[in-house]
Amino acid sequence: MFCTRELVFFAFPAGLDIEFTGLRSNLSGPQQISLFDLPSEWYLKTRQSVQQFTICQIGLSVFSAIEGEANKYIAHSCNFFLFPTTFGILDSEFSFQASSVQFLNQYGFNYNKFLKNGIPYMNEEQEKKIRHDILTGNWRVRSSPDKDQIKAVIDKVTRWLDLAKEGDWMTLPGIAGFQAFEVQLVLRQALPDIWTVLKDEGVVVKKVSKQHRWYLQNTSCDRESCWKEKILLSARGFSVFFQMLVKAQKPLVGHNMMMDLLHLHEKFFRPLPESYDQFKQNIHSLFPVLIDTKNVTKDIWKEMNFPRVSNLSEVYEVLNSDLNPTKNSGPEIVHASRCEKYVKTKCPHEAAYDAFLCGSVLLKVAHLLLQKIHIDPVPESSFPQYLDVLAPYVNQVNLIRAGVPKINFSGPDYPSIRPPILILSIKRWPGVSEQQVYHKFQNLCKFDVRRLTRSQFLLLTNKFKDARNVLKEYRGHPTLCISLYRYWRHSPDVNCVLQVCGIVTAWALLAFIFGRSGP
């Protein structure tokens, strides 16, 4: 069993939620995600989607215990709108998925903040390239809109320089943040007799002598080497915070968090490797303790006979209701003074709100588990005790659609507990396709369908009840014969090998017989 207390004793959880510009590429045929996929196959298919879409909002809710008060926690929840860094040669491409945009629009997502004010970010490989270009002076403006803007700024400053005297200055208003560093870098490279300073009102340009310029570059607190480091820090943006999160080694809590982990790796750490095992190792080194509340609550819901729920908000509502037998004895959670937006306002699918729900659900479910294993109520529960009862769920991340229900980030994946594969043999339906087979059964139950031979198809569902129902319903059917799939009996590869062996054996037997009857 994975020992959480040795690794993160007294490390309180951080809830995480991420919103994306899209979730799935429009894959078809063998590239489509299905229940037949092994975890490694699922990973390779999903990797394409992660590379195609980007993060538009990330939410974090960091929980900590309130000193001197038993089982009381305070949550600091923050939203971050992100936008990929555009700097020098770095100019990312990403797609929007119409259904994802429509979904976020329903919940009031502010696309202006994402597109206009998003915090930049980059992964480690991108940072290495940008660092090399900035520190060696090989940086260049590449994108056309930036070139047009920079050209206009240089023209304006050049016209002013023609009339200005040494010591005169001018202000370029409306330039702030990361863009201000970019503009200053270009101006300093293009014009040897100016110096720039960033102030509240904008970028201030001052005309100086070449000797004074040399002095400023090499002796002031704004000397060029330090200034370039500031540019790099600004370009890294949220990636700095990501590295702080990794260094903190807090238990990271999410709900159906597999896509979140894929994007964290791709956008802030390194491009996703082709090796599934390498991806697992990388994530485990970044976040040694992962807890997926979807995985935890699936088991609890079965044991407690709670009403069926379909999303994180409904899980939270059930745990806060009288249906939860530990509602009154559970942990008390309050919002920090500057994070009180969610005290009375529900904001589903706003990343910070969902991150807060993740952390709250974790604490409440852990308390429920702790009380279940003790005959007498535990008077003062603590987070280390919660980690102990959550140990079977640590690093087990839910998979929505694959051959196994979850991925184990701290060891080998567990074998599948899905219903058995069924085989459909069809008579008198020439040219039937996988799509037609799917539609044939969709009113009874939903199967993933994969062609085996011209007239045979494999059927797989994630519900045992559906498998039983279809076997019962089509028992003795004249044209659609459904039975349990047996690899040694039904596999075309095995049948081919057996046929070849049969032919070889027959020829060998004939040779032996005729050889013995010879003179």
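Use the structure listed above.
From a predicted model like this one, the values you see are computed outputs, not experimental measurements. (Residues numbered from 1 in each chain as written. Predicted model: local features only at pLDDT ≥ 70, side-chain atom pairs only at ≥ 80, totals over all residues. Heavy atoms only, no water.)

Asker: If you had to explain the overall build of the chain to someone new, which residues and values would you point to?
Answerer: Helix and strand counts for the chain come out as 20 helices and 17 strands. Considering the chain as a whole, with its 519 residues, one finds that 47% of them fall into the buried category. Taking contacts inside the chain between residues at least 6 apart in sequence as the whole, the part at least 24 apart equals 70%. A total accessible area of about 27600 Å² is found for the chain, and carbon and sulfur atoms account for 54% of it. (Helix = DSSP H or I, 4+ residues; strand = E, 2+ residues; numbered from the N terminus. Buried < 20%, exposed > 50% of the residue type's maximum accessible area, 1.4 Å probe, protein only. Contact = heavy atoms within 4.5 Å. Areas by Shrake-Rupley, 256 points an atom, 1.4 Å probe, with all protein chains shown as cover.)

Asker: Which residues make up the sheet that holds strand β15 (residues 448-451), and what are the values?
Answerer: Overall, antiparallel pairing links the four strands, which are arranged β15-β16-β14-β17 in an open sheet. The open sheet has two edge strands with one neighbour each: β15 and β17 (480-484). Sheet twist, expressed as the mean angle between neighbouring strand axes with direction ignored, is 25°. Pairing of strand β14 (residues 422-426) with strand β16 (residues 456-460) involves four bridges; the strand directions are antiparallel. Directly across from S425, in β16, lies its bridge partner Q456. Across the face of the sheet, helix α17 (residues 434-441) comes into contact with β14, β15, β16 and β17 while running at roughly 145° to β15. Here helix α18 (residues 464-473) sits on the sheet in contact with β14 and β17, set at roughly 135° to β17. (Pairing = 2+ DSSP bridges. Axes fitted to C-alpha atoms, helices over the stretch in contact; angles between N-to-C directions.)

Asker: Account for a positive patch on the surface, with residues named and values stated.
Answerer: A cluster of basic residues, R308, K446, K463, K465 and R468, forms a positive patch at the surface. Of note, K465 is situated in helix α18. On the accessibility criterion, K465 (53% relative accessible area) is exposed. (Patch = residues over 30% accessible without salt bridge, like charges linked within 9 Å, V, L, I, M, F, W, Y side chains within 5 Å. Salt bridge = Lys/Arg side-chain N within 4 Å of Asp/Glu carboxyl O. Lys, Arg positive; Asp, Glu negative; His and termini not counted. Charge placed at Lys NZ, Arg CZ, Asp CG, Glu CD.)

Asker: If you had to explain the packing of aromatic side chains to someone new, which residues and values would you point to?
Answerer: Under the defined criterion, the tally for this structure stands at 28 aromatic pairs. Taking 5.3 Å as the distance between ring centres and 40° as the angle between the ring planes, the aromatic pair formed by F80 and F241 counts as tilted. Linking F80 in strand β3 (residues 72-81) with F241 in helix α10 (residues 238-248), this pair joins segments that are 161 residues apart in sequence. Overall, F80 belongs to the buried group, its relative accessible area being 16%. (Phe/Tyr/Trp six-rings, centres within 6.5 Å; stacked < 30°, edge-to-face > 60°.)

Asker: Outline the environment of D466, listing residues and values.
Answerer: Note that D466 resides in helix α18. On a C-alpha basis, the gap between D466 and K446 in space is 7.9 Å, while along the polypeptide they are 20 residues apart. Sequence-distant contacts of D466, defined by excluding residues within four places in its chain, comprise C445, K446, F447 and T461.

Asker: Could you give an account of the environment of L424, with specific residues and numbers?
Answerer: Counting through the fold element by element, L424 comes out in strand β14. A C-alpha to C-alpha distance of 5.6 Å links L424 and C481, two positions 57 residues apart in sequence. Filtering out sequence-adjacent residues up to four positions away, L424 remains in contact with V437, F441, S455, Q456, F457, L459, L480, C481 and I482.

Asker: Describe the nonpolar core, listing the residues and the values that go with them.
Answerer: Counting residues in each nonpolar core, the largest one holds 40 residues, and the members touching the most others are L252 and L264. Here this core takes seven residues from helix α11 (residues 258-269), the largest share from any one element. Dropping the residues within four chain positions of it, L264 is found in contact with L16, I18, I58, F242, L252, F269 and F287. Counting residues in hydrophobic clusters, the runner-up holds 39 residues, among them A75, V315, L357 and F383. (Core = buried A, V, L, I, M, F, W, Y, C linked by side-chain atoms within 4.5 Å.)

Asker: Requested: an account of the pattern of salt bridges, with residues and values cited.
Answerer: Under the counting rule described, the total for this entry stands at 14 salt bridges. The salt bridge partner of R270 is E124, with a shortest N-O separation of 3.3 Å. Residue R270 is found in the loop between α11 and α12 (276-286), and its partner E124 is found in helix α5 (residues 124-136); the two are separated by 146 residues along the sequence. For D413, the salt bridge goes to K280, with nearest N and O atoms at 3.2 Å. Of this pair, D413 sits in the loop between β13 (406-408) and β14 while K280 sits in helix α12; the two residues are 133 residues apart in sequence, bridging distant segments of the chain. The network of salt bridges with shared partners includes D37, K45 and R450.

Asker: Kindly report on the pairing of β15, identifying the contributing residues and their values.
Answerer: As paired elements, β15 and β16 share four bridges and run antiparallel to each other. Bridging from a neighbouring strand, R450 pairs with L458 of β16. Connecting the antiparallel pair β15 and β16 is a turn made up of four residues.

Asker: Which residues make up the packing of helix α13 (residues 293-304) against helix α15 (residues 351-372), and what values do they have?
Answerer: It is at 11 Å that the axes of α13 and α15 come closest, and there the two elements cross at 40°. Taken together, α13 and α15 sit at an angle that is classed as oblique. Like other packed secondary-structure pairs, α13 and α15 cross with a definite hand, here left-handed. Facing T293, V296, T297, I300, E303 and M304 of α13, the residues of α15 in contact are C358, V361, L362, V365, L368, L369 and K372. (Parallel < 35°, antiparallel > 145°, perpendicular 65-115°, else oblique. Left-handed = near helix turned anticlockwise from the far one by under 90°.)

Asker: Residue-level account of the sheet that holds strand β9 (residues 252-254), with values.
Answerer: Pairing is mixed across the open sheet formed by six strands, whose spatial order is β10-β9-β1-β2-β3-β11. Only two strands of the sheet have a single partner each, and these edge strands are β10 (290-292) and β11 (332-335). When strand polarity is set aside, the average angle formed by the axes of neighbouring strands in this sheet is 25°. The pairing of strand β2 (residues 55-65) with β3 spans nine bridges and is antiparallel. Following the sheet pairing, A65 is matched in β3 by Y73.

Asker: So, a nonpolar patch on the surface: which residues are in play, and what are the values?
Answerer: Where nonpolar side chains cluster on the molecular surface, the patch consists of I503, W507, L510 and F514 and spans about 490 Å² of accessible area. Mapped onto the fold, W507 is located in helix α20 (residues 492-516).

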